[in-house]
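One letter stands for each residue in the lines below.
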Amino acid sequence: MFQEESNAEVHDGKLIIPDYQYSAEDFCTPDPYEKLYELHKTPFLYEIAKVKMEENARAVGFKSFRGMLQKYNKAQLEARRRNMIPNQTEFDGQAMELSCGTWESLDWGIFRDLPNGGRECACAHPIMPVSRLVNIDTGEVKLTLAFKPPGREGKWRTTIVDKATVSTARNITSLASQGISVTSNSASALVDYINDMENLNYDIIPEQKSIGRLGYIPGEGFSPYVDGLVFDGDASFRNLYNSVESRGAAAAWYETAMDCRRQSVAARILLAASFASPILSLVGSLPFFVHLWGVDSGTGKTVALMLAASVWGNPALGSYVQTFNGTQVGQERTAAFLNHLPVCLDELQLTKDSRGKTNFDVYQLAQGVGRSRGKKSGGVEITPTWNCCFLTTGESPLTSISAGAGAVNRVIDIECTAGAAVLRDGQRIAGSLKRNFGFAGRIFVERLYQDEKTQQTVRQLYQDNFRELCAGDSTEKQAMAAAAIITADFLASQWVFHDDLDTARELVLDASDIRAFLASKEAVSAGRRAHEWLCDWVASNAPRFISEDSMPGSDIYGVLEYDTAYIIRGVFDRALQEAGFSTSATLSYLKANRMIDTRERGYTKTKRIGKTTPQCVCLRINTDDWTASGDSTELLPL
């Protein structure tokens, strides 16, 4: 039914609009514009009346009708803004009542009057900001929008959006994928509405602290265990964020964990490494890997990984435990998201290419810093960082023989065999862990960050363990990782498991337990591994070297004399590169350790082979497997 103040009438079921007749002098008075303005809430009737009145003005020679009408409507709108009592949202089931200015916020839509007459619709259903989120790390502000799409259910939903999304018409249309009614035509109006709602109710809309990651937050506590802290991170990490929770019975988890601790040293190491992750930043240690591997199935590798993950949350695959089946960018962002919590990755073999080569770079994650990336709008994104440990499993070692010393240094490899399983009765243990998890992590970090005195005690304990481990044959980086594990295991024994003296003596790790799994300084050295590989390579390619006992038919690699292999430089470079070693770094190491004979400068010597004298790398090798006789200066003809 038409509104009472309208000058339109209904006769015999038909809508009749008066046929306006004004003189040119009348158009210089407010009367015609007032009559027309009475219809502004009904856009269709307003347009019909405006057409008729415009024809009347043209007939009497009044040419300024459109301009006068626009100025009159604008003045009326400004007057309403100055004098009217602000409209309030009138949504059914709304979380709060907000002022909406000149907007009419109703259950069937959100509208406002336009200066030139008519009405504009911002959204076809209720929508309103209900909180303002300020990220603790970045200071970025986001809005929580509550909206109620039309439908039988009529339930309110919420979504967290960047201010950049709701500030431009181009970006706000992306909200359509979440069920919000917005098109390219209504986008500008919806941007204005949300902006007006926030500005008019700035002090009413509650402001909350938010975070887009897990881990320790200076001055706040350990996420997600901080009360009132809201997650505003990437939606793709919401499942991982929600997986860090407690479920089931703490006593049942404790019983299962104690059973696992008694079964093997490897299980204790992996469980302790999970507790060690949040103390790395506290003691100044670097990120490291603990990798369980073995070709035999059924050794309990994955179940042990689930045990470590159950300290913090849901250990089911796809919840807290992830797989290696991901990109480098995805793994970086996952590490940055977990931040101080351990990253659990299962099944290294998923990274193998079609030739069976493992495509995983330990350096990528062990550095604790992600790749710097540019923004489309200019500048660079915030570089992701993390300081945690990585708990992984697979059927092969995490590093290859050609891996750099830094990569080997950051990995504690633990081989699992069928005769020495990490965990037995894995099905029972996994079932218990899936039902009971997430209690120990909260207890551990609450005690860890209890006060400065506790943290100082942890640092001192770590330093004592570090010095003891450095006294052995391990490198400093290996000792740092091992010291963090031993320290965390002792703390968990006291804070989580409450071991008595006899139990602690039996189960708490010490340097002797973990030293067997640490790489020696020689094993870490990439140069030493390259020399061993070259000796094997020479032995396997002996028929391609000229010696007193053999003459190759083709593809000559060099000359073999006594304990020295003269390898043609081009052949040497190609062989090392194919094996994954750095040629320059290897030659530098070999020369420094007198494993090659060289001129005063450079890394090669000339060696006559037939009628040519190519540059050769004079490699000293182990000749136990074969002998050669003759003078080393003797020329061997082709």
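Before reading further, recall that the structure is shown in the block above.
Residues numbered from 1 in each chain as written. Predicted model: local features only at pLDDT ≥ 70, side-chain atom pairs only at ≥ 80, totals over all residues. Heavy atoms only, no water.

A. Just the nonpolar core, in detail. With 102 residues, the main nonpolar core has Phe275, Val290 and Ile485 as its most contacted residues. Tallying contributions element by element places helix H17 (residues 476–497) first for this core, with 14 residues. The residues contacting Val290, other than those within four sequence positions of it, are Ile269, Leu270, Ala273, Phe390, Leu391, Thr392, Ile412, Ile414 and Ile485. Membership of the second largest hydrophobic core comes to 29 residues, among which are Ala122, Val182, Ala187 and Tyr193. (Core = buried A, V, L, I, M, F, W, Y, C linked by side-chain atoms within 4.5 Å. Buried < 20%, exposed > 50% of the residue type's maximum accessible area, 1.4 Å probe, protein only. Helix = DSSP H or I, 4+ residues; strand = E, 2+ residues; numbered from the N terminus. Contact = heavy atoms within 4.5 Å.)

B. Examining unusual backbone geometry more closely. The residue after Ser223, namely Pro224, is reached through a cis peptide bond having omega 15 degrees. Within the secondary structure, Pro224 is located in the loop between strand E13 (221–223) and strand E14 (230–231). One non-glycine residue, Glu347, adopts positive backbone phi at about 65 degrees. Look at Arg594: it is not a glycine, yet its phi comes out positive at around 55 degrees. Relative to the elements of secondary structure, Arg594 occurs in the loop between helix H23 (583–592) and strand E23 (596–597). Judged by its relative accessible area of 66%, Arg594 is exposed.

C. Structural context of the packing of aromatic side chains. Counted under the stated rule, the structure contains 30 aromatic pairs. An angle of 15 degrees between the planes, with centres 5.3 Å apart, marks the rings of Phe27 and Phe62 as stacked. Highlighted residues: Phe27 in the loop between strand E2 (14–16) and helix H1 (31–37) and Phe62 in the loop between helix H2 (43–59) and helix H3 (65–83), separated in sequence by 35 residues. The same class applies to Phe27 and to Phe62, which are both buried. Here Tyr33 and Phe65 contribute two aromatic rings whose centre-to-centre distance is 6.1 Å and whose plane-to-plane angle is 20 degrees, an arrangement assigned as stacked. With Tyr33 in helix H1 and Phe65 in helix H3, this residue pair connects regions lying 32 residues apart in the sequence. (Phe/Tyr/Trp six-rings, centres within 6.5 Å; stacked < 30°, edge-to-face > 60°.)

D. Up close: the packing of helix H22 (residues 569–579) against H23. Relative orientation of the contacting elements H22 and H23 amounts to 110 degrees, with a least axis distance of 10 Å. The angle between H22 and H23 places the two elements in the roughly perpendicular class. Between H22 and H23 lies a crossing whose hand is right-handed. The segment H22 lies against H23, with Arg569, Phe572, Asp573, Leu576 and Gln577 engaging Thr583, Thr586, Leu587 and Leu590. Partitioning the contact of H22 with H23 into residue classes produces four nonpolar, three polar and two charged. (Axes fitted to C-alpha atoms, helices over the stretch in contact; angles between N-to-C directions. Parallel < 35°, antiparallel > 145°, perpendicular 65-115°, else oblique. Left-handed = near helix turned anticlockwise from the far one by under 90°. Nonpolar A, V, L, I, M, F, W, Y, C, P; charged D, E, K, R; others polar.)

E. Region of interest: the sheet that holds strand E11 (residues 207–211). Strand order in the open sheet formed by five strands is E10-E9-E8-E11-E14, and the pairing between neighbours is mixed. Of all strands in the sheet, those with a lone pairing partner are strand E10 (157–162) and E14, marking the two edges. Sheet analysis places strand E8 (residues 127–135) next to strand E9 (residues 141–147), joined by seven bridges and oriented antiparallel. Across the sheet, Pro129 pairs through a bridge with Leu145, a residue of E9. Strands in contact with helix H5 (residues 187–200) are E8 and E9; relative to E8, the strand with the most contacts, it is inclined by about 65 degrees. (Pairing = 2+ DSSP bridges.)

F. Representation of the sheet that holds strand E7 (residues 119–123) in the model. Taking strand neighbours across the sheet as the criterion, the three strands line up as E5-E6-E7 in an open arrangement whose pairing is antiparallel. The open sheet has two edge strands, strand E5 (104–106) and E7, and neither has a second partner. Between one strand axis and the next, the sheet turns by 25 degrees as a mean value, whatever way the strands run. Pairing of E5 with strand E6 (residues 109–113) involves three bridges; the strand directions are antiparallel.

G. Representation of the environment of Thr454 in the model. For Thr454, the location among the structural elements is in helix H16 (residues 452–470). On the basis of relative accessibility, which here comes to 16%, the residue Thr454 falls in the buried class. With 26 residues separating them along the chain, Thr454 and Arg428 place their C-alpha atoms 37 Å apart.

H. Representation of the side chain of Arg268 in the model. Following the sequence through the fold, Arg268 ends up in helix H8 (residues 265–276). Despite its burial, Arg268 pairs with no opposite charge, the nearest such side chain being Asp513 at 4.3 Å. At a separation of 3.3 Å, a polar atom in the side chain of Arg268 contacts the main-chain carbonyl oxygen of Arg261. The residues touching Arg268, leaving out its near neighbours within four places in the chain, are Arg261, Asp489, Glu506, Leu507, Leu509 and Asp513. (Lys, Arg positive; Asp, Glu negative; His and termini not counted. Salt bridge = Lys/Arg side-chain N within 4 Å of Asp/Glu carboxyl O. Polar contact = N/O pair within 3.5 Å; in protein donor to acceptor, adjacent residues only side chain to side chain.)

I. Geometry of the pattern of salt bridges. All told, the structure shown has 24 salt bridges when counted by the stated rule. As a salt-bridge pair, Glu47 and Lys50 come within 3.7 Å of each other at their nearest N and O atoms. With Glu47 and Lys50 both in helix H2 and three residues apart, this pair spans about one turn of that helix. Where Glu561 meets Lys607, a salt bridge forms, and the shortest distance between an N and an O atom there is 3.0 Å. Of this pair, Glu561 sits in strand E21 (residues 558–561) while Lys607 sits in the loop between strand E24 (605–606) and strand E25 (615–620), and the two are 46 residues apart along the sequence. You'll find Glu561 and Lys607 in the same group, each marked buried. Linked by salt bridges that have partners in common, Arg132, Lys163, Glu198 and Glu207 make up one network.

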